[in-house]
Amino acid sequence: MNADIELIELRRSWQALERRLEAQQALNTELATQTRVDKAKARLRPLLVGQVIQAAVGIACTVFFARFWLAHLDAPAALLSGVLMHAWSVALVVSAATELLLVMRINYAQPVLAIQKYLGVLQYWRTRMAPLLGLAFWVLWLPLVAVLLKHFTGADVSGWFLWANIAVGVVGLVGTLWGVRHLRRRGHRFADAIDADNAGCGVRSAQALLADIRRFEAE
C-alpha cells in the first residue's frame, strides 16, 4: 500500500516537473522570439531613414523640374528634358512612399510567417521595381544634362542629338533588362548577387532573423 502511494506521489511529482519544464521552454521560446523580432525591426530602421530622405529629395526634384519645363514651353528640347526628369522625380517619391508603407504596415505582433510575407513583398519591390529608377538613366542622363545646362548657362542641347541619345538609351535599357532577366532564369549567381545588393542588408538581415525564429520554433 505504501509502495502504491509512493508511486502515485512520484508520478505526480514527475508530471509537475514536466509542466514546469514545458512552461520554462515556452517562456524561453517567447523570449528568444521577441528578441529576434526586435532585432529584425531594428534592422529595418536605416531603410526607413533612407526612404524618408529619398522622398524629400524626390519632392524637391519634382518641384524643380516642374518649374523648369513650365518655364520653357517654347523650347522643345528643354521642355522634353524637363518633363522626363519631372516624371522620374515623381517615380522617386512613389517608390519611397511604397517602401515606407510596406515597412510601417508590418505588425510585429503577428505570426512570424505573416511578417515574412510583408518582407517578401518589400524585397520584391526593392529587387524588381526600385532598380528601374537607376536603369532609367540609360535614357535620362542626357535630359538631366540638358536641364542643368539650360538652367545654369542658358545653352541648349540640339534636338536631334537629344532624340538620338534617347533612342540609344532605350536600346541599352531594353538590352539590360533582357540580360538580367535571362540571368535570373538561368539561376546565375551574378543575378542573385544583384538582387541581394538591391534588397539591402537590412531586409536580408531581418529575413535571416525571422528564419531563425521559425527553425527555433520547429525544434
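The numbers attached to residues start from 1 for each chain and follow its sequence in the written order. Only residues with pLDDT of at least 70 get local features here, since the model is predicted, and only at 80 or more are side-chain atom pairs given and counted; chain-wide, interface and lining totals rely on the full set of residues. Side-chain figures throughout are based on the complete set of non-hydrogen atoms in the structure, without hydrogens or water.

### Regarding the packing of helix α3 (residues 76-104) against helix α7 (residues 159-185)
Point 1. Axis geometry follows a simple rule: fit a line to the C-alpha atoms, using only the stretch in contact for helices, then measure angles between N-to-C directions, giving values from 0 to 180 degrees. Helix and strand labels come from DSSP, where a helix needs a run of H or I of at least four residues and a strand needs a run of E of at least two; each type is numbered from the N terminus. Put simply, α3 and α7 touch, their axes get as near as 9 Å, and they point 35 degrees apart. Contacts between α3 and α7 involve Ala77, Leu80, Ser81 and Leu84 on the former and, on the latter, Gly159, Leu162, Trp163 and Ile166.
Point 2. Residue classes in the contact of α3 with α7 are distributed as six nonpolar, two polar and no charged. Any two residues whose heavy atoms approach within 4.5 Å are treated as being in contact. Polar here means any residue outside two lists: the nonpolar Ala, Val, Leu, Ile, Met, Phe, Trp, Tyr, Cys and Pro, and the charged Asp, Glu, Lys and Arg; Gly therefore counts as polar.

### Examining the environment of Phe161
Point 1. Among the structural elements, Phe161 can be located in helix α7.
Point 2. With 19 residues separating them in the primary sequence, Phe161 and Leu142 have C-alpha atoms 9.3 Å apart.

### Quick notes on a nonpolar patch on the surface
Point 1. A surface patch of nonpolar side chains, about 350 Å² in accessible area, is lined by Tyr124, Met129, Leu132 and Leu177.
Point 2. Mapped onto the elements of the fold, Leu177 is located in helix α7. In this scheme, patches are assembled from residues that exceed 30% relative accessible area and form no salt bridge. Like charges are connected within 9 Å, while nonpolar side chains (Val, Leu, Ile, Met, Phe, Trp, Tyr) are connected within 5 Å. The accessible surface values rely on the Shrake-Rupley method and a 1.4 Å probe; as for residues, cover is taken only from the protein chains in view. Salt bridge, as used here, is a side-chain nitrogen of Lys or Arg placed within 4 Å of a carboxyl oxygen of Asp or Glu.

### Section: helix α6 (residues 137-153)
Point 1. Compared with the 24 Å implied by 1.5 Å per residue over 17 residues, the 22 Å span of α6 between its first and last C-alpha is a close match.
Point 2. The buried label applies to any residue whose accessible area, calculated with a 1.4 Å probe on protein chains only, is under 20% of its type's maximum; exposed applies above 50%, and partly exposed to all values in between. Restricting attention to buried positions, one finds in α6 the residues Val139, Leu140, Leu142, Pro143, Ala146, Val147 and Lys150. Considered in projection along α6, the buried side chains sweep an arc of 155 degrees and stay on one side of the axis. Looking at α6, the residues exposed on the side facing more than 90 degrees away from the buried face are Phe152 and Thr153.
Point 3. Residues of α6 that are buried sit in contact with α2 (45-70), α3 and α7.
Point 4. Positive backbone phi, at 80 degrees, marks Gly154, one or two positions downstream of α6. Here the expected length of a helix is defined as 1.5 Å per residue gap, with one fewer gap than residues. This arc describes the spread of directions from the helix axis toward the C-beta atoms.

### Some words on the environment of Gln110
Point 1. Within the fold, Gln110 resides in the loop between α3 and α4 (112-129).
Point 2. Apart from residues no more than four positions distant in its own chain, Gln110 is found in contact with Ile115 and Tyr118.

### As for the packing of α2 against α6
Point 1. With their axes 12 Å apart at the nearest point, α2 and α6 run at an angle of 70 degrees to one another. Regarding the angle of α2 to α6, the classification is roughly perpendicular. Note that α2 runs across α6; the crossing there is left-handed. Between α2, through Phe64, Phe65 and Phe68, and α6, the contact on the second element is made entirely by Leu144, Val147, Lys150 and His151.
Point 2. In terms of residue class, the contact of α2 with α6 is built from five nonpolar, one polar and one charged. Here is the rule for angles: anything less than 35 degrees is roughly parallel, anything more than 145 is roughly antiparallel, 65 through 115 is roughly perpendicular, and the remaining ranges are oblique. Helix crossings fall into two classes, left-handed where the near helix is turned counterclockwise from the far one by less than a right angle and right-handed where it is turned clockwise.

### A closer look at the packing of aromatic side chains
Point 1. The aromatic pairing rule takes the rings of Phe, Tyr and Trp, using the six-membered ring of Trp, and pairs them if the centres are within 6.5 Å, calling planes under 30 degrees apart stacked, those over 60 edge-to-face and the rest tilted. Counting across every chain of the model gives three aromatic pairs.
Point 2. Plain terms: the ring middles of Phe64 and Phe65 are 5.1 Å apart, the flat faces sit at 70 degrees to each other, and that makes the pair edge-to-face.
Point 3. Here Phe64 falls in the partly exposed class, since its relative accessible area comes to 28%.
Point 4. Between Trp88 and Phe137 the ring centres are 5.1 Å apart and the planes differ by 80 degrees, which places this aromatic pair in the edge-to-face class. Separated by 49 residues along the polypeptide, Trp88 in helix α3 and Phe137 in helix α6 bring together distant segments of the chain.

### Details of the confidence of the model for the protein
Point 1. On average, the protein scores 83 in pLDDT, and the residues at 70 or more come to 79%.
Point 2. Mean pLDDT in the protein bottoms out at helix α1 (residues 2-43), which sits at 61, and peaks at α2, which reaches 96. Values of pLDDT, the confidence the predictor places in each residue, fall between 0 and 100.

### Re the pattern of salt bridges
A pair can form between side chains of opposite charge whenever their charged atoms are brought close.
Point 1. One pass over the full model with this rule turns up four salt bridges.
Point 2. Residues Arg126 and Glu99 are paired through a salt bridge, measuring 2.6 Å at the closest nitrogen-oxygen approach. Placement of the pair is Arg126 in helix α4 and Glu99 in helix α3, with a sequence separation of 27 residues.
Point 3. Glu99 sits in the buried class, given a relative accessible area of 2%.
Point 4. A salt bridge links Asp156 to Lys150, with the nearest nitrogen and oxygen atoms 3.0 Å apart.
Point 5. Since its relative accessible area comes to 49%, Asp156 is described here as partly exposed.
Point 6. The exposure class assigned to Lys150 is buried, which follows from its relative accessible area of 17%.
Point 7. Salt bridges here are not isolated pairs; linked through shared partners, they connect Arg128, Arg184 and Asp195.

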